[in-house]
Amino acid sequence: MLSPDVSTADPPRVGRLERLAGKLPFRWWMALPLVLLLGIFVLYPLGFSFYLSLTNYKLTTRNLGYFGFEQYNRVLTDGDFTDSLKITLTFVIAAVLIELILGLALALALQRQRFARNVTRALLFTPMFVAPVAVGLVFRFLLNQQLGLIPNAIAKLGIHIDFFSPNFALASMVLIDVWQWTPFMVLLFLSALESLPKAPFEAARVDGASAWLTFRTLTLPMLMPVIGIATVIRVLEASKLFEYVFVITNGGPGGSTESLQFIMYQTGVRFFRLAEASAMAFVFLAVLALPIIWMLRQVRKAEG
Amino acid sequence: MASIRFENVVKHYGAYQAIRNVSFAIPDGEFVVIVGPSGSGKTTMLRAIGGLERVNSGRIFIGDRDVTDLAPKHRDIAFVFQNYALYAHLTVRNNIGFPLKARKMPKDEIMRRVEDVAERTGLKALLDRKPSALSGGQQQRVAIARALVRKPKVFLFDEPLSNLDAQLRLDMRREVLELQQSLGVTSVWVTHDQEEAMAMGDRILVVNHGMVEQNAAPEALYSDPVNAYVARTIGSPTINMLRGKLNGQGLDVEGVRFPLPGGALQGDIMIGVRPEDIHPVKAAADHPNATPPFEAKVQLIELLGARAIMTLLVGNHRLTAVFNRRDLADIREFDTIRVSAAKDRLLYFKPETGERIRL
Amino acid sequence: MNDAAPGTRLTPAAEAGRLLLIAMAVTAVLVPLLWIAFAAFRTPADLTNPGSFAIDPTLDNMRDIAEGGIPGAALRSIIVGFAVTIIGVFVGALAGYSIARFRTGGIPLRFAILFPTIIPPTVLAFPLLALALQFNLSDSLIAVIAAHLTIVVPMITWFMTGFFASVPREVEEQAAIDGYGPFAAFWRVVVPNVLPGLGASALLAFMMSWNELFYALVLAPGSSQTLPVAISGFNTFQGVKLGPMSAALLLTVAPVMVLSFVIQKRLVRGLGGSGVKG
């Protein structure tokens, strides 16, 4: 009844569960494409970029000779760079702060929404999927003093704002960023809110806590990790402000919207001062060090 | 069909010893149960037999073959996981046929075998369903069918019934046993439920902290345990353990005297009395070889139909007893009654090591 | 199934505030989107008059851009998008599985994966340009694809790690016992369980590539422009032609909007919940 079965003949000295015939363990074969990609297209350029920053490579002197830290010196003492740093910092703080608060409020509001629930959410998420270029161009015209719908509409209410004036241009950038990226915050917060355990909230309800109290003492503390992650992600992304500036203000008026990414682009592509641009990039990286280190800590924590 | 042999097997995870130098032999065709609490190493042993864990030293034999360094697919074993590990994206038919497909069996042969096994496990009507459309018991059967279809030398079961409700568990238990009997394939079954172990095993390995405490037939484990740990593990409700000093008149446990004989033994001792061996004195006539009666206060009566679990208080020591419905008669909670224990069924243990002393 | 928030009901005032907030948000989102939709079909006269709405729809704008560089740019964006998606999902899925199952590379690898997404694109863009020049690939799509992959592959790897982690190990062990090697087990038994995740990854990858400006601008600024670059070109002239620009914007925005509707339900579940159950 139990006849000898197919293909269980004595095996050769074959390997274990996780090894391929070959020198690399299976898991490294699987990760190899990724590692190669990172090595060739990230690590190497990174290294080359750093090397560039130590040269004096520009359009006129395409010289790859060692130039010391002179570029860094120039960058740090250059008024343009430090101004740009201030502008970018202002932008990031304003934008992320507004997005956090607005995003949290909307997420809470959406969580309780029953009517047309999925459609509303789908709609509110769309801005983050639109190309930033497109968003920039649209708002360029929506907020335009003469042709734009919005200035004309609010003028009827007695409010007169010149959205792209030297005083207001950066604020307009913030406005656009908020329009585009608050949905991202809403997405993160909504996911988090919906995966919170229901029992403590129902207990709070039975105990008679008001919605505000529940929020303050229960919801908010539970959301802290997500708020942290969301903030860091947005800070890192917002600091790369480029598209809106590129298609609307071109850095103006009067240099009031020259973000870091923008002046790096200008220095590198328009003026072809590659060495200087590279140095700027690394200084930028250093400025971002804090959030980056925080992320590293989170990764370590997640690994156990 | 094949025997299984462990020789000085050791497995550790870093500093944690999962299997400490274990050796045992399982004869061909037997149904062996490995029983122990969580973390005792029983699952690790099972997985080691199957090749899902590699051992640090020692050798494992299936039949005459040393399989210690072989991958699972070369050991000719079948494994049934606790959560069945069914392939959710395949139909029942393809789930069962999967191992045959892996071995490149011809299609019509696969079909034949799958139908055959489905018939045997009562799955014929469900062949074209997907696992998500099956009940727990049915999923269980699919897992077993998949194991059967390859006609392996050894079946390995990792607590397969723990996810089922009580009645289903009993039904499946019976089915699996009948199947194994008719096939005669060596089977190793891991469980934490000693009742299940006692009901199913031709032989039981009681495992504790990576060591096999005793390897014997159920009856032997029950009436002739090799130490206090085995005595406590086997039998429900748990055996009563009384620790005290033996003198001529009985066992003195912190001032309370139990009239238990000790033969030639004196001094510090631990005596085990099974709840089913404690009887009310009225029924003493049914139980020759009883100890002298002693008084006990009834604290709690848990009525279980034909029997009742009694929680008795002697002095300030709690004893568990199991009475027949008949014996229960007009005994009520908070009554004081007289009971005696079956003299010849007492178990004696060394107090520090738990080692059994045979009189 | 009650998905609505647990906890205390809101006072009528708070409830009104909540609805108002949502209404304002919906309006704020709709206005620019609708503007694009309508503007593409409006005559120049209508466009310069902020008060009016589409009374006289015209296809002139569409025709205008059909003759220019826009269709070519769109096609190139599609090509890049597909290449990035296919390669990205393949590399990312394999790596995500490796990390989820075997903790390959430990913390250093996990961080190395995060890294390209954190650093400013300028750090990589210029050297990549130099590299491209080296191989005579300047102003080519290959460089753009490579650059996009540096963003997409880490994202997919991260994303899929969660999905792979939630496939119970026993299923793979069972496949091993049943006779399949590790890659066969991965392919036949693990992958089918994470198809939703792969689908979402593919959509996200395509969208990201379709929308990306900076790398495309630096690496393919001329005749190999992708759509975002072509559109940004509408900026350089004095009197921007609103009509054609709006049509081009619609072309850029529409596909992704459709895709986003498809993906949004999955995203909420995927980010907050535990992924696929077997």
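Residues numbered from 1 in each chain as written. Chains lettered and ligands numbered in written order. Predicted model: local features only at pLDDT ≥ 70, side-chain atom pairs only at ≥ 80, totals over all residues.

Draft legend 1. Layout of the overall build of chain B. In terms of regular secondary structure, chain B is built from 9 helices and 21 strands. C-alpha extents for chain B along the principal axes are approximately 75 × 45 × 35 Å. Expressed as a percentage of its 359 residues, the buried residues of chain B come to 42%. (Helix = DSSP H or I, 4+ residues; strand = E, 2+ residues; numbered from the N terminus. Buried ≥ 20, exposed ≤ 12 C-beta atoms within 10 Å, placed from the backbone.)

Draft legend 2. Quick look at the interface of chain A and chain C. Between chain A and chain C, the residue contacts involve 89 residues of the former and 82 residues of the latter. A per-element tally of the side of chain A that touches chain C places helix α1 (residues 26-53) of chain A first, with 15 residues. In terms of residue class, the side of chain A that touches chain C is made up of 61 nonpolar, 15 polar and 13 charged. (Contact = placed C-beta atoms within 7 Å. Nonpolar A, V, L, I, M, F, W, Y, C, P; charged D, E, K, R; others polar.)

Draft legend 3. View of the sheet that holds strand β10 (residues 211-216) of chain B. Residue and element names in this part refer to chain B. Taken in spatial order, the 6 strands line up as β6-β7-β8-β3-β9-β10 in an open sheet, and their pairing is mixed. Either end of the sheet is taken by a strand with one partner, and the two such strands are β6 (77-80) and β10. Strand-to-strand twist of the sheet, defined as the mean angle between neighbouring strand axes without regard to direction, takes the value 15 degrees. (Pairing = 2+ DSSP bridges. Axes fitted to C-alpha atoms, helices over the stretch in contact; angles between N-to-C directions.)

Draft legend 4. Layout of the domain arrangement of chain C. According to the domain assignment, chain C consists of domain 1 (12-39) and domain 2 (71-272). Its C-alpha centre places domain 1 of chain C at a distance of 31 Å from the equivalent point of domain 2 of chain C. (Domains from an automatic or database assignment.)

Draft legend 5. Geometry of helix α9 (residues 182-190) of chain C. Those residues of α9 of chain C that sit buried are P182, A185, F186 and V189 of chain C. Axial view of α9 of chain C: buried residues confined to an arc of 110 degrees, hence all on one face. Summarising the contacts, the buried residues of α9 of chain C are in contact with α1 of chain A together with α4 (70-102) and α8 (169-178) of chain C. (Arc of directions from axis to C-beta.)

Draft legend 6. Just the interface of chain C and chain B, in detail. Listed by partner, the interface residues are 14 residues for chain C and 17 residues for chain B. Broken down by element, the residue count for the side of chain C that touches chain B peaks at 7 residues, all from α8 of chain C. Class assignment of the residues belonging to the side of chain C that touches chain B gives a composition of 7 nonpolar, 4 polar and 3 charged.

Draft legend 7. Region of the structure containing the nonpolar core. Core analysis: the largest hydrophobic core is formed by 264 residues, its most contacted members being F189 of chain A together with L128 and L219 of chain C. With 16 residues, the single largest contributor to this core is helix α7 (residues 169-194) of chain A. Setting aside residues up to four positions removed in sequence, L128 of chain C forms contacts with F41 and P45 of chain A together with A143, A146, A147 and L219 of chain C. (Core = buried A, V, L, I, M, F, W, Y, C linked by C-beta atoms within 7 Å.)

Draft legend 8. Structural detail: the sheet that holds strand β14 (residues 267-273) of chain B. Residue and element names in this part refer to chain B. Pairing in this open sheet of 6 strands is antiparallel, and the strands run β13-β12-β11-β14-β20-β21 from one edge to the other. Of all the strands in the sheet, just β13 (256-258) and β21 (356-357) have a single pairing partner and so form its edges. Of the strand pairs in this sheet, strand β12 (residues 250-253) and β13 are connected by 3 bridges, and their pairing is antiparallel. Looking at β13, one finds that V253 is bridged to V256.

Draft legend 9. Summary view of the environment of E355 of chain B. Residue and element names in this part refer to chain B. Summarising the element assignment, E355 is placed in the loop between β20 (347-349) and β21. Along the sequence, E355 and H12 sit 343 residues apart, while their C-alpha atoms lie 26 Å from each other. Sequence-distant contacts of E355, defined by excluding residues within four places in its chain, comprise N227, F349 and K350.

Draft legend 10. Representation of the domain arrangement of chain B. Residues and elements named next belong to chain B. The domains assigned to chain B are domain 1 (4-233) and domain 2 (242-357). Taking only C-alpha atoms, the centre of domain 1 and the centre of domain 2 are 39 Å apart. Here the residues of the side of domain 1 that touches domain 2 are counted per class, giving 5 nonpolar, 1 polar and no charged.

Draft legend 11. Expanded view of unusual backbone geometry. For the bond running from G252 of chain A to P253 of chain A, omega is -10 degrees, close enough to zero to count as cis. The omega torsion of the bond from S236 of chain B to P237 of chain B falls at 0 degrees, within 30 degrees of zero and hence cis. Within the secondary structure, P237 of chain B sits in the loop between α8 (228-233) and β11 (240-247). A positive phi angle is found at N250 of chain A, which is not glycine, with a value near 55 degrees. With respect to the helices and strands, N250 of chain A occurs in the loop between α10 (243-249) and α11 (260-270). With a phi angle near 50 degrees, R103 of chain C is a residue other than glycine that sits in the positive phi range. Note on placement: R103 of chain C falls in the loop between α4 and α5 (106-118). By the C-beta count within 10 Å, which is 14 here, R103 of chain C ends up partly exposed.

Draft legend 12. Main features of the confidence of the model for chain C. Residues and elements named next belong to chain C. Chain-level statistics for chain C give a pLDDT mean of 82 and a share of 86% at 70 or above. Segment residues 272-278: pLDDT under 50, and 21 contacts once partners within four positions in sequence are set aside and those in other chains are kept. Overall fold confidence for the complex sits at a pTM of 0.79, while the interface term, ipTM, reaches 0.85. (pLDDT = per-residue confidence, 0-100.)

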